[in-house]
Every structure is written in C-alpha cells, then in structure tokens.
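Structural description and commentary
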Amino acid sequence: MKKLGLIVMFSLLLALGLWAAGAEAIVQVKETILRDQPSFTGKTLGVLKYGAKVSVLEEKSGWARVSAEAGKLQGWVHGSSITKKAVALSSQGGSGTGASSSEVSLAGKGFNAQVEAQYRSQNAALDFAAIDAMEKIRFKPEELKAFLADGGILPKGGI
Amino acid sequence: MRADSMVSRLRAIVPAVLVSISMISCVSIAEAGSGIAAATGVITTEQASSITKVAGAVEKTFEDITPEQEYYIGRSVGAQVLTTARPYDNTAASRYLNLLGQSLALFSTRPETFGGYHFLVLDSDSINAFAAPGGLVFVTRGMLRLCSTEHEVAAVLAHEIAHVQYQHGLKAIKTDRLTSALATIGTEAAKTLGPAELKEVTAQFEGSISDITRTLVNSGYSRETEYEADKGALAILRSAGYNPAALVSMLAAMKTRLKPGAPDFAKTHPDPELRIDRVRRQLGTLAPVVESPQARDRRTRALAGI
C-alpha cells in the first residue's frame, strides 16, 4: 500500500515536471480563442493568431492549457488549433514573439494566396466570390449552444 | 526419434525465419533495394545513397500539407464544385445549415481548421453532398429534400464533417504530385515565389485540385473511406446529442430515391444498403428518430420550398 502510494506520488511528480517543461507548439489556424476553461463556451481571455508560439502546460480531453505571449497570457485552446510539428519546421526561422512571419517556416509557403491568385488568373470562370461569401458565415459558440438548446438537443458532455 | 527431433528443430527455425522476413518488409523497400544492389556490386555505394535520398523524398504524405495549404486547396476545390451547380440563394436555408453544421463541427475530433467549417446549399435536384478539404461543405437541394427530420440533416452534415476531419480529400492527391510539390515548396526559401517556381507550383496545385475534384464529383472515395466517414459521423452525432440512428433512416430514404447509374451520390458512393448494414452493426439497438416540435418547426421554416 505504501509502495503504491510512492509510485503514484512519483508519477505525479514526473507528470508535473513534464508539464512544467511546457512543450512548444504553434497556432496552425487563422486564429484561435484562448479561454478560461477547456470548453468552447469558456470565457474569452484573448485571441491567438496564426504562427503564435505557445507552451503547452497541460492537456485534457482534446484541449491544451497553454502559456502565450511570453507568459503574459494563460488559458485553454482546442488541441486542433495548435501543432507541435510546426516547431521543428520553424527551427530554421527566427525567434521573436507573436505572429511574425518567420515563426513557422512553412507558413505562407507553397499553396498560398499567391498560387491561388495565379490559379484564378488561369481559370477566370471560377466563382471565388461565392467561396468568399461562404466563409463569411460564422457563428459564435454561444449562438451554436443556443441553437442546440432551442432544438432540444442536449450534448452529454456539454460544449 | 531422429525424425521427431528434426521436426521440432524445424518448428523452432520456421517461426524465426518468418519473423526475420516480416522484419525485412518493415524496412523501406528503397533502403533494402539499394543495399542489395550495392552489396552485389551492381551500383556504387554513392549511387546507392543517392537512390536512398530520392526514395526518401518520395515518402511524403498528405500529413505534410500544412492546414494553411489545405485551406487554399479547399477553396479552389470548392470553386470547382460550384461549376457543377450554382449556390442556392436562400438566406434562411443557408443560416440554418451553418448553425447546424457549425454546431456539429464542435463535436468532431477536429473542430478547428485553418478557415473553419462553412456550409452551402447547391441549387440542384440531384442527391449529393461534397466536402472540400479544410471544411467547405456543399449539400444539394435534392439531398435536403430527402431528409425528413433535423436529425437526418445532421447525419448528412456529420458525414461530410468526418471526411474533413480525416482529410480524405487530401488523400486523393496523387502521391508523386504531392511529393514534387512539397519538394519545390521545401527548397524555396522565400515566401514569394519567382516566376519559374510560381509556374511550377501552380501546375502542381492545379493537378492536386483536379485529383480531388475528380474523386468528389466523378470517381468517389473507396468503400472503406465512406465507411470511415459513417463511423466518424456516428461519433459526432452521438456526442452532439443527435440521434445516430438518423444516419440509418437517411440512408434508407436515399436507397428508395437513388437511381442506379444516375450522375449523383449513386455514382460516387457505395450502395446505401451496404452502409446501412455496417452502421446498424455499430449502433446495436436502434432508438427511433424523434424530432422535437421546436426542431421540426425551425427545419420546415428554414427549408420550406427547398
């Protein structure tokens, strides 16, 4: 029993140590919201832009508690909005904080706005205006929560 | 006695040989190949190492595409989908579809993509739905007409969201095209491409767009890919609080309407009956699909005259 307690304590310490180390990650979507809880309806603490560097402090059911802007901001982002892979890609880029263009070396490279513009000039009949209009329709998580509730839809684990 | 010991020795050797064969097959073919050729003196060690390097470059997959690149691919695939049918100009229907679809996307394993999830009704009587990489989802009026409850509309959208979450579209890009595209991108230090590189990368972009569009509109995904999207859809419906059995009732409704050989869902998807069998097995006992009066009201209002 005593032995088990020691093992549990040791594992906890080890886990804490790993969290404290804070794995580096980078925001891989246009922008993501930093929240006070691991939930889409958590209060907004800030907005992190594409390429912003974060340290992952803790992970919990798909969410990550991160420290951003050199420790000035701390909160939860959804795991799908960040990548640890990009850190390796960015090692050849510069340092610095925030969403500088050098953070993610692959950011903006390859299939980007420039390539789309070239593709559009070669395919003038394509209706990109309709795609732009489609992207403008964006509801807030609070509106989505209300939509589900109004229809009598109750997510088991909440939103 | 002797024969017996022979047999037992063989018994010990055979599994060992099998294990070593399977271990060899784990080594990439490129490495094994160049090693053998170099050892037999067919090629020099230098040549062997350069072959290994080239083969290494071949091993690029859809996973090497960044979410930003996926976003630009998705926009152009979406523009191509719009050459098959025009957007249905109806604010109420569009609002409803986006409220429902964006709600469901929160429950996928990938709720955040580079540009987010967006839904559009296509002005077409055919029964169809498409998901472009990154989260642009298109559903025809014909498909929406087929859905008799909000749960069934949710099942259609959840299936498309699952295609996005598993990046099925990106997997349709031919490997050699992806490899040469990513090689060009990787060697270019600058963010702004020079005229020659721009031409090359745009050609690879164009090819990737047609690989995906051809799969979505003409050839369809493999059966296994569709089954995976159904499985993903069930998980999304379940955690959002929608009735997963609606996927079965939607597929059943589809089966009664699809005409074999028609240029729509029938051409690009497995027989609904096969999908129903699979989904039923994953669901166990089916609870009847019940739509709340509020959900029915808002659905009929939003999709009136669809």
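Reading guide: rules and limits
Residues numbered from 1 in each chain as written. Chains lettered and ligands numbered in written order. Predicted model: local features only at pLDDT ≥ 70, side-chain atom pairs only at ≥ 80, totals over all residues. Heavy atoms only, no water. Contact = heavy atoms within 4.5 Å. Salt bridge = Lys/Arg side-chain N within 4 Å of Asp/Glu carboxyl O. Polar contact = N/O pair within 3.5 Å; in protein donor to acceptor, adjacent residues only side chain to side chain. Helix = DSSP H or I, 4+ residues; strand = E, 2+ residues; numbered from the N terminus. Nonpolar A, V, L, I, M, F, W, Y, C, P; charged D, E, K, R; others polar. Buried < 20%, exposed > 50% of the residue type's maximum accessible area, 1.4 Å probe, protein only. Arc of directions from axis to C-beta. Axes fitted to C-alpha atoms, helices over the stretch in contact; angles between N-to-C directions. Left-handed = near helix turned anticlockwise from the far one by under 90°.

**Examining the interface of chain B and chain A**
- Counting from both sides, the interface comprises 69 residues of chain B and, opposite them, 52 residues of chain A.
- At the boundary of chain B with chain A, the tally comes to 4 salt bridges.
- Residue Arg75 of chain B is joined to Asp132 of chain A by a salt bridge in which the shortest nitrogen-to-oxygen separation is 2.8 Å.
- Summed over the shared surface of chain B and chain A, the result is 20 residue pairs in polar contact (both at pLDDT 80 or more).
- The element that contributes the greatest number of residues to the side of chain B that touches chain A is helix H4 (residues 67-81) of chain B, accounting for 11 residues.
- Considering only residue class, the side of chain B that touches chain A consists of 31 nonpolar, 24 polar and 14 charged.

**Considerations on the side chain of His159 of chain B**
Residue and element names in this part refer to chain B.
- Inspection of the secondary structure assignment puts His159 in helix H7 (residues 150-165).
- A relative accessible area of 2% means that His159 is categorised as buried.
- Polar contacts involving the side chain of His159 include one to the side chain of Arg275, which spans 3.4 Å.
- Not counting residues up to four positions away in its chain, the partners in contact with His159 are Glu226, Ala229, Asp230, Ala233, His269 and Arg275.

**Describing unusual backbone geometry**
- You will see that Ala70 of chain A, though not glycine, has its phi angle at about 55°, which is positive.
- Looking at the secondary structure, you find Ala70 of chain A in the loop between strand E5 (63-68) and strand E6 (73-78).
- Unusually for a residue other than glycine, Gln167 of chain B sits at a positive phi of about 55°.
- When you line up the elements, Gln167 of chain B lands in the loop between H7 and helix H8 (168-171).
- Taking the relative accessible area as the measure of exposure, Gln167 of chain B reaches 17% and is therefore buried.

**Comments concerning helix H4 (residues 128-136) of chain A**
- Within H4 of chain A, burial applies to Phe128, Ala130, Ile131, Met134 and Glu135 of chain A. What you see down the axis of H4 of chain A is that its buried residues fit within an arc of 155°, all on one side. Opposite the buried face of H4 of chain A, at more than 90 degrees from it, the exposed residues are Ala129 and Lys136 of chain A.
- Among the structural elements, helix H3 (113-122) of chain A together with H4, strand E1 (118-122) and strand E3 (136-140) of chain B are those in contact with the buried residues of H4 of chain A.
- The distance from a side-chain oxygen at the start of H4 of chain A to the backbone nitrogen of Ala129 of chain A is 3.3 Å, and the residue carrying that oxygen is Asp127 of chain A.

**Examining the packing of H7 of chain B against helix H11 (residues 223-240) of chain B**
Residue and element names in this part refer to chain B.
- Running from N to C, H7 and H11 point in directions that differ by 115°, and their axes come no closer than 7 Å. Note on packing geometry: the crossing formed by H7 with H11 is right-handed. Residues Ala154, Ala155, Ala158, His159, Ile161, Ala162, His163 and Gln165 of H7 pack against Thr225, Glu226, Ala229, Asp230, Gly232, Ala233, Ile236 and Leu237 of H11.
- For the contact of H7 with H11, a count of residues per class yields 9 nonpolar, 5 polar and 2 charged.

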